[in-house]
Amino acid sequence: MEVRVMENTFEISKAVSSIIIDEVKRNPKAVLGFATGASPIETYKRMIEAYENGEVSFKSITTFNLDEYCGLTRDDENSYFRFMKENLFGKTDIDFSRVNFLSGDETESEKSCREYSEKIAAAGGIDIQLLGIGTNGHIGFNEPSDSFSDGPFKVKLTQSTINSNSKYFKDKKMPGYALTMGIGDIMRAKKILLIATGESKANAVFKMIKGEVTPSCPASVLQNHSNAVIYLDRESAKLL
Ligand code: PGA
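Below is a summary of the structure that appears in this document.

What about the sheet that holds strand E9 (residues 191–196)?
Spatially, 7 strands are ordered E1-E10-E9-E6-E2-E3-E5 in an open sheet, and the strand pairing comes out parallel. Every interior strand has two partners, whereas the edge strands, strand E1 (2–6) and strand E5 (99–100), have only one. Of the strand pairs in this sheet, strand E2 (residues 31–34) and strand E3 (residues 62–65) are connected by 4 bridges, and their pairing is parallel. Looking across to E3, one finds that Val31 is bridged to Thr62.

Pasting the structure below:
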């Protein structure tokens, strides 16, 4: 695990987006794992700029997103599919037929979990997986628990996650469950880039980097990945 402390979110977004863009230039059919939330938004903006400038095309990439809320349709204003459409996919030439998502629709969720790891393997594995980290140390929606998961599963969200994400749900209650890629799926990615900014992440960042590898801080498992780079600003790095 490599740790890079940068001046601010903008510097992080330039560094992370340029790694992704270089990968796609080198391999137009790259398989990219994407994350939602506040952490990757600036990186997505730099990717959109690069597309608009004609520097890169995303039309042949395949994507897998980390997680989705249970009970929300794809087009719900709070779904992560919608988030990706608005913050990246819809603003580039990404081909939606190669966009993969776990399905929040209750009638499809079990099947989509069962098939997701196989789909990732069939695509040749994830070349670059982008991650954020929760204040409780979660990655994707792998909440603190007694054991590390392997494949995708349905998870009961913790109060800490509900407290962090409820602000995005204006008119309705936030779902209490989500589907997430497992720790095994994340760890099989060839390269991992994790972004954490702000003081609220400092404790989780400390445990991820300096603590023991334990499922009670799921992100700590990244210590065992041979090609994981953690991008921090000064606030999130302040306890290191
Ligand atoms: P955030 O969430 O990027 O919105 O802070 C990260 C996460 O919960 O994994």
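Observations concerning the sheet that holds strand E4 (residues 67–69)
The strand order across the open sheet formed by 3 strands is E4-E8-E7, and the pairing between neighbours is antiparallel. Each end of this open sheet is capped by a strand with a single partner; those strands are E4 and strand E7 (153–156). Strand-to-strand twist in this sheet, taken as the mean axis angle between neighbours without regard to direction, amounts to 30°. Sheet topology note: the E7/strand E8 (residues 177–180) ladder contains 4 bridges and is antiparallel. Paired with Val155 across the strands is Ala178, a residue of E8.

Comments concerning the environment of Phe148
Mapped onto the elements of the fold, Phe148 is located in the loop between strand E6 (128–131) and E7. Phe148 gets classed as partly exposed once you look at its relative accessible area, which sits at 31%. Residues Phe148 and Glu11 lie 137 residues apart in sequence; the distance between their C-alpha atoms is 32 Å.

Remarks on the packing of aromatic side chains
If you walk through the whole model with that rule in mind, you get 10 aromatic pairs. Both rings, one in Tyr69 and one in Phe141, keep their centres 5.6 Å apart while their planes meet at 50°; by these two values the pair is tilted. Taken as a pair, Tyr69 in strand E4 and Phe141 in the loop between E6 and E7 lie far apart in primary sequence, 72 residues in all. Each member of the pair Tyr69 and Phe141 is classed as buried.

Focus: the site of the ligand
If you check the shell around the ligand, you find Gly37, Ala38, Ser39, Gly132, Ile133, Gly134, His138 and Lys201 and nothing else. With respect to the ligand, the side chain of Ser39 contributes an N or O atom lying 2.5 Å from an oxygen atom. One of the side-chain nitrogen or oxygen atoms of His138 is found 2.7 Å away from an oxygen atom of the ligand. The residue makeup of the shell around the ligand, split by class, is 2 nonpolar, 5 polar and 1 charged.

Details of the pairing of strand E10 (residues 228–233)
With respect to burial, E10 is a largely interior element, 6 of its 6 residues being buried. Bridging between E1 and E10 involves 5 bridges; their strand directions are parallel. Of the residues in E10, the one forming a bridge with Glu2 is Val229. Relative to E10, E9 is paired through 5 bridges, and the arrangement is parallel. What sits directly across from Ile192, in E10, is Ala228. Read from E9 through helix H7 (residues 202–210) to E10, the crossover connection turns out right-handed.

With respect to the packing of helix H1 (residues 9–26) against helix H2 (residues 41–52)
Interaxial distance between H1 and H2 falls to 8 Å at its minimum, and their mutual angle equals 55°. Relative to H2, the element H1 lies oblique. When you trace H1 past H2, the crossing you get is right-handed. Note on element contacts: H2 touches H1 through Glu42, Thr43, Arg46, Met47 and Ala50, opposite Thr9, Phe10, Ser13, Lys14, Val16, Ser17, Ile20 and Ile21. Class assignment for the residues of the contact of H1 with H2 results in 6 nonpolar, 4 polar and 3 charged.

Considerations on the nonpolar core
Among the nonpolar cores identified, the biggest contains 40 residues, and Ile20, Phe34 and Leu88 are the most heavily contacted of them. Those elements giving two or more residues to this core turn out to be H1, E2, H2, helix H3 (80–87), E6, E9 and E10. Of all the elements, H1 adds the most residues to this core, at 6 residues. Those residues in contact with Leu88, other than ones at most four positions away along the chain, are Phe34, Tyr44, Met47, Ile48 and Ile94. Ranked by size, the runner-up nonpolar core spans 32 residues in total, among them Tyr116, Leu131, Leu179 and Val205.

Each value, and the rule that gives it
Residues numbered from 1 in each chain as written. Predicted model: local features only at pLDDT ≥ 70, side-chain atom pairs only at ≥ 80, totals over all residues. Heavy atoms only, no water. Pairing = 2+ DSSP bridges. Helix = DSSP H or I, 4+ residues; strand = E, 2+ residues; numbered from the N terminus. Axes fitted to C-alpha atoms, helices over the stretch in contact; angles between N-to-C directions. Buried < 20%, exposed > 50% of the residue type's maximum accessible area, 1.4 Å probe, protein only. Phe/Tyr/Trp six-rings, centres within 6.5 Å; stacked < 30°, edge-to-face > 60°. Near = heavy atom within 4 Å. Polar contact = N/O pair within 3.5 Å; in protein donor to acceptor, adjacent residues only side chain to side chain. Nonpolar A, V, L, I, M, F, W, Y, C, P; charged D, E, K, R; others polar. Right-handed = clockwise from strand over helix to strand, strands pointing away. Parallel < 35°, antiparallel > 145°, perpendicular 65-115°, else oblique. Left-handed = near helix turned anticlockwise from the far one by under 90°. Contact = heavy atoms within 4.5 Å. Core = buried A, V, L, I, M, F, W, Y, C linked by side-chain atoms within 4.5 Å.

Remember that the coordinates give geometry; whether it matters functionally is a separate question.
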